[in-house]
Amino acid sequence: MFNSLRSLAESAVARLHCAVINRKGATAIEYGLLAALIAVVIITAVSSVGSNLTSTFNTVANKLT
């Protein structure tokens, strides 16, 4: 009886350990996806601002000449 309970407890601990390890991997993937999304947003914003800034400098340059 005692060995059966001990075996059951060890099995439960092993399953819990696997679940924790798998969750850490999922969390790392989530953080990676979030970082990639933020990078895409930043690149898009910088491109847009860069285009507008180039247009503004060209307008100023044309008015100065």
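Use the structure listed above.
Described below are features of the structure shown in this document. All values reported here derive from a predicted model rather than from experimental measurement. (Residues numbered from 1 in each chain as written. Predicted model: local features only at pLDDT ≥ 70, side-chain atom pairs only at ≥ 80, totals over all residues. Heavy atoms only, no water.)

1. Examining the overall build of the chain
Looking only at helices and strands, the chain has one helix and zero strands in total. Split into buried and exposed, the 65 residues of the chain put 0% on the buried side. Summed over all atoms, the accessible surface of the chain reaches about 5900 Å², with 71% contributed by carbon and sulfur. (Helix = DSSP H or I, 4+ residues; strand = E, 2+ residues; numbered from the N terminus. Buried < 20%, exposed > 50% of the residue type's maximum accessible area, 1.4 Å probe, protein only. Areas by Shrake-Rupley, 256 points an atom, 1.4 Å probe, with all protein chains shown as cover.)

2. Some thoughts on a nonpolar patch on the surface
A contiguous nonpolar surface patch, about 720 Å² in accessible area, is contributed by Tyr31, Leu34, Leu37, Ile38, Val41, Ile42 and Val46. Locating isoleucine 42 in the fold gives a position in helix α1 (residues 2-64). (Patch = residues over 30% accessible without salt bridge, like charges linked within 9 Å, V, L, I, M, F, W, Y side chains within 5 Å. Salt bridge = Lys/Arg side-chain N within 4 Å of Asp/Glu carboxyl O.)

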